[in-house]
Amino acid sequence: MTERLKGKFGLLKKVAVKVEDPDEYLGPDDPRCQPKKEDDPIEFSTPGNDPRFQQQNQTLRCYVSYSDFYQCEHILGEGAEACQWFKRVFTSICPMAWVERWDEYRLEQRMPWFKHGVFPDAPYGKRG
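Since we're looking at a predicted model, the values are computed, not measured. Each chain has its residues counted from 1, running along the sequence as written. Note on the predicted model: pLDDT of at least 70 is required for a residue's local features to be given, and 80 or more for side-chain atom pairs to be given and counted; whole-chain, interface and lining totals, by contrast, use all residues. Each side-chain value is derived from all of the structure's non-hydrogen atoms; neither hydrogens nor water enter the calculation.

Asks: With reference to specific residues and values, describe the environment of Ser67.
Replies: Counting from the N terminus, the helices are the DSSP runs of H or I reaching at least four residues and the strands are the DSSP runs of E reaching at least two. With respect to the helices and strands, the residue Ser67 is situated in helix H1 (residues 59–76). The cut-offs for exposure are 20% and 50% of the maximum accessible area for each residue type, with area from a 1.4 Å probe on protein chains only; residues under the lower value are buried, those over the upper are exposed, and the others partly exposed. Take Ser67: its relative accessible area is 6%, and that puts it in the buried class. Taking the C-alpha atoms as reference points, Ser67 and Trp113, separated by 46 residues in sequence, lie 8.6 Å from one another.

Asks: Break down the nonpolar core for me, with residues and values.
Replies: Side-chain atoms within 4.5 Å are what join buried Ala, Val, Leu, Ile, Met, Phe, Trp, Tyr and Cys residues into a set we call a nonpolar core. Ranked by size, the top nonpolar core spans 14 residues in total, and within it Tyr66, Phe69, Phe90, Cys94 and Trp102 carry the most contacts. The dominant element in this core, judged by the number of residues it contributes, is H1, at five residues. Those residues in contact with Phe90 that sit more than four places away from it in its chain are Cys62, Ser65, Tyr66, Phe69 and Val99. Contacts were defined at the residue level, with two residues in contact if any of their heavy atoms lie within 4.5 Å.

Asks: Just give me the short version of H1, but keep the residues and values in it.
Replies: With 18 residues, H1 should reach 26 Å at 1.5 Å per residue; the first-to-last C-alpha distance of 26 Å fits that figure. Turning to H1, its buried residues are Arg61, Cys62, Val64, Ser65, Tyr66, Ser67, Asp68, Phe69, Tyr70, Gln71, Cys72 and Glu73. Residue Gly77 follows H1 closely and has a positive phi angle near 105°. Under the convention used throughout, the expected extent of a helix is 1.5 Å for every residue step, that is, one less than its residue count.

Asks: Explain the packing of H1 against helix H3 (residues 96–107) to me, using residue names and the numbers behind them.
Replies: Here an axis means a line fitted to C-alpha atoms, over the contact stretch when the element is a helix, while the angle between two N-to-C directions is reported on a 0 to 180 degree scale. At a minimum axis distance of 12 Å, the contact between H1 and H3 shows a crossing angle of 40°. Considered as vectors, H1 and H3 are oriented oblique to each other. Relative to H3, H1 is oriented so that their crossing is right-handed. Touching Thr59, Cys62, Tyr63, Tyr66 and Tyr70 of H1 are Trp98, Val99, Trp102, Asp103 and Arg106, all from H3. Three classes are used: nonpolar for Ala, Val, Leu, Ile, Met, Phe, Trp, Tyr, Cys and Pro, charged for Asp, Glu, Lys and Arg, and polar for all others, with Gly counted as polar. Across the contact of H1 with H3, the residue classes break down as seven nonpolar, one polar and two charged. Any angle from 65 to 115 degrees is called roughly perpendicular, while one under 35 is roughly parallel, one over 145 is roughly antiparallel, and all others are oblique. Two helices that cross are described as forming a left-handed crossing if the nearer one is turned anticlockwise from the farther one by less than a right angle, and a right-handed crossing if clockwise.

Asks: Let's hear about the state of the cysteines: which residues, and what values?
Replies: Two cysteine sulfur atoms form a disulfide, by the criterion used here, when they sit within 2.5 Å. With the rule as written, the count across this model stands at two disulfides. Residue pairing for Cys62: its cysteine sulfur links by disulfide to Cys94, the two sulfurs lying 1.9 Å apart. Here the disulfide of Cys62 and Cys94 is right-handed, its torsion about the S-S bond being about 130°. Residue Cys62 is located in helix H1, and its partner Cys94 is located in the loop between helix H2 (84–93) and H3; the two are separated by 32 residues in the primary sequence. We note that Cys62, like Cys94, is buried. For Cys72, the disulfide goes to Cys83, at an S-S distance of 2.0 Å. Here the S-S torsion is close to -80°, and the disulfide linking Cys72 with Cys83 is therefore left-handed. Placement of Cys72 in helix H1 and of Cys83 in the loop between H1 and H2 is noted, with a sequence separation of 11 residues between them. Each member of the pair, Cys72 as well as Cys83, carries the same accessibility label: buried. If one numbers only the bonded cysteines of the protein chain, in the order they occur, the disulfide pattern is 1-4, 2-3.

Asks: Can you lay out the pattern of salt bridges for me, pointing to particular residues and giving the numbers?
Replies: Proximity of charged atoms lets side chains of opposite charge pair with each other. Salt bridges are counted wherever a side-chain nitrogen of Lys or Arg sits within 4 Å of a carboxyl oxygen of Asp or Glu. One pass over the full model with this rule turns up four salt bridges. We note a salt bridge from Arg52 to Asp50, for which the minimum N-O separation is 3.0 Å. When its relative accessible area of 34% is taken as the criterion, Arg52 is described as partly exposed. Where Arg52 meets Asp68, a salt bridge forms, and the shortest distance between an N and an O atom there is 3.7 Å. Of the two residues, Arg52 is situated in the loop between strand S2 (10–15) and H1 and Asp68 in helix H1; the sequence distance between them amounts to 16 residues. Under the relative-accessibility criterion, Asp68 is labelled buried at 6%.

See the structure below:
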């Protein structure tokens, strides 16, 4: 179907294309094909306030939460529920590029806590 329209720059041609075959990659179960329900709540969560970091710049909080998560896992064991709060904080406020770089450094034992060859077991505030 074509129409001719008079536009600002002269005659324009309007073309409409009707697709007979559905997209082979989009099946009926694909969420992009489903209508969105407006009554479905969207859940947002933020890490909340931490009295140790009162400034707007949360860079230090990001790094300390990352460090505290791995220190907590070292002390309480991998997958400890108490450590998950630190993980939620650093995954929500840290740029993923930083976390990926720190993960590389941690695996190569280049993080500051490997300076003396062991992970510090002292609680926050009592570190050397």
